[in-house]
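An overview of the molecular structure
The primary structure of each chain is shown beneath.
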Amino acid sequence: MADATHAGHPIAPDCLAALPRTPGVYIFKGEGTLPLYIGKSVDIRSRVMSHLRAPDEVSMVAQTRRIDFVETAGEIGALLLESRMIKEQSPLFNQRLRRLRTLCAIRLTATESGHVPEIVDSQVVNLGATPGLYGLFSSSHAAKEKLKALAQQHLLCMALLGLEKTSTRGCFGLQIKSCLGACVGKEDRHTHDQRLLSALVDSQVEVWPFAGAVDVVEASGDWVQRHRVNNWCYLGTQCSRAGQATPLKARKPHDFDLDSYKILVKPIMLQTVQIETVDAP
């Protein structure tokens with residue numbers, strides 16, 4: 001134990017001895033009531049020990065007095081619980097998974113002349129329920145920067161993307177050969193727009209594929225956890241060991257959470273997790 005815990009730092013040895021080799025969330029706690037750091041792992045003990053050996057985490061470890069943990073039946077439960085706990089408790093040393101009040105996306109609108117991108121936010125559109133959205137960004141500025149980067153990478157017209165003004169001579173990109181001339185008819189607009197669609201397709205925001213809430217089911221032996229999700233928003237977990245371990249939260253029908261979306265979109269869309277539909281109330 002002395003080697004693994006760096007003998008000399010003030011973490012209570014009993015809590016280190018209790019760390020399991022199972023999935024879940026771990027919490028570094030100091031003298032105060034708020035946690036210092038919250039993390040997740042498929043092997044809690046191994047991950048915590050790696051923190052204790054990390055040279056760039058000496059300051060956090062020096063302030064730690066206890067390390068608590070919450071086991072989960074699988075990795076998805078650990079990811080969802082970590083995300084929720086960080087948002088609710090704002091640990092000092094967690095720099096990511098902060099709550100974003102407004103998210104932005106790129107929406108393509110088909111017009112008679114071609115596809116026109118616009119930046120929309122979650123105050124205007126229901127993320128997860130609106131088709132034709134691409135990318136999820138923390139600000140309209142970040143969305144515009146993404147469009148600019150795509151324009152440079154795929155020789156798209158900045159004027160047709162709404163990022164700069166143009167004249168009868170075409171956009172500035174045409175002058176420096178970073179635009180193929182769709183703005184002045186040198187390139188077919190349909191060809192330009194197909195290139196735009198191809199550039200955006202990997203960042204398409206998936207529409208919630210169910211009529212309402214579902215349970216994502218994880219099991220470890222006879223231990224079953226059901227993670228309630230609606231519109232890519234994590235609502236809580238029903239646990240066969242402890243009753244309702246994480247209370248279900250009331251949400252508006254179109255609430256959307258970016259972190260839950262990132263955790264769940266691949267396993268749900270690729271059907272690599274067990275899903276149970278939930279009866280409407």
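Structural notes, computed from the coordinates. Note that the coordinates shown come from a computational prediction; the quantities given were computed from them, not determined experimentally. (Residues numbered from 1 in each chain as written. Predicted model: local features only at pLDDT ≥ 70, side-chain atom pairs only at ≥ 80, totals over all residues. Heavy atoms only, no water.)

So, about the packing of helix α4 (residues 75–89) against helix α8 (residues 258–269). In contact at an axis separation of 9 Å, α4 and α8 are set at 170° when each is read in the N-to-C sense. Relative to α8, α4 is oriented roughly antiparallel. Residues I76, L79, L80, S83 and K87 of α4 touch α8, and the partners they reach there are D259, S260, I263, L264 and P267. Residue composition of the contact of α4 with α8, by class: 6 nonpolar, 2 polar and 2 charged. (Axes fitted to C-alpha atoms, helices over the stretch in contact; angles between N-to-C directions. Helix = DSSP H or I, 4+ residues; strand = E, 2+ residues; numbered from the N terminus. Parallel < 35°, antiparallel > 145°, perpendicular 65-115°, else oblique. Contact = heavy atoms within 4.5 Å. Nonpolar A, V, L, I, M, F, W, Y, C, P; charged D, E, K, R; others polar.)

All told, the structure shown has 13 salt bridges when counted by the stated rule. We note a salt bridge from R21 to D43, for which the minimum N-O separation is 3.1 Å. Residue R21 is found in the loop between α1 (13–17) and β1 (24–29), and its partner D43 is found in the loop between β2 (35–41) and α2 (44–53); the two are separated by 22 residues along the sequence. A cluster of three or more residues bridged by salt bridges with shared partners is formed by D14, K29, R66 and D68. (Salt bridge = Lys/Arg side-chain N within 4 Å of Asp/Glu carboxyl O.)

Taken together, the 7 bridges between strand β4 (residues 104–110) and strand β5 (residues 115–121) define a ladder with antiparallel strand orientation. Across the sheet, C104 pairs through a bridge with D121, a residue of β5. Sheet topology note: the β4/strand β6 (residues 133–137) ladder contains 3 bridges and is antiparallel. Note that in β6 the partner of R107 across the bridge is L133. (Pairing = 2+ DSSP bridges.)

The next point concerns the sheet that holds strand β3 (residues 66–71). Taken together, the 3 strands give an open sheet; going across it, the order is β2-β1-β3, and neighbouring strands pair in antiparallel fashion. Of all strands in the sheet, those bounded by a partner on one side alone are β2 and β3. Taking the axes of each pair of neighbouring strands and ignoring which way they run, one obtains an average angle of 20° across the sheet. With 6 bridges joining them, β1 and β2 adopt antiparallel strand pairing. Across the sheet, residue F28 finds its bridge partner in β2, namely Y37. Each of β1, β2 and β3 touches α2; the most contacted strand, β1, lies at about 35° to it. Sheet strands in contact with α4 are β1, β2 and β3, and its direction is about 165° off that of β2.

Of note in the backbone geometry, L155 takes a positive phi value of approximately 55° without being a glycine. Along the chain, L155 falls in the loop between α5 (140–154) and α6 (172–175). Residue W232 is not a glycine yet carries a positive backbone phi of 65°. When you line up the elements, W232 lands in the loop between β8 (223–230) and β9 (233–239).

As a volume, the second largest pocket reaches approximately 330 Å³. Lining the second largest pocket are 15 residues, and of these D202, Q204, E206, Y261 and V265 sit closest to its centre. For the lining of the second largest pocket, the elements supplying multiple residues, two or more each, are β6 and α8. For the lining of the second largest pocket, the leading source of residues is α8, giving 6 residues. Partitioned by chemical class, the residues of the lining of the second largest pocket number 8 nonpolar, 3 polar and 4 charged. (1 Å grid on protein atoms, 1.4 Å probe; cavity = no way out; pocket = protein on both sides within 12 Å on 5 of 7 lines; lining within 4 Å. Points joined across faces, edges and corners; volume = space filled by probe spheres on them.)

Another point: the packing of aromatic side chains. Aromatic ring pairs: the centre-centre distance and the angle between the two ring planes describe each pair. Tallying each qualifying case throughout the model produces 7 aromatic pairs. Relative to F28, the ring of Y26 lies with its centre 6.0 Å away and its plane at 70°, an arrangement referred to as edge-to-face. Take Y26 and F28: they sit in the same class, and that class is buried. What links up through ring pairs into an aromatic cluster is the set W208, F210, W232, F256 and Y261. One cation-aromatic arrangement involves R241 over W223; the distance from NZ or CZ to the ring centre is 3.8 Å. (Phe/Tyr/Trp six-rings, centres within 6.5 Å; stacked < 30°, edge-to-face > 60°. Buried < 20%, exposed > 50% of the residue type's maximum accessible area, 1.4 Å probe, protein only. Lys NZ or Arg CZ within 6 Å of the ring centre and 35° of its normal.)

Take it as geometry only, folks, not as evidence of what the structure does.
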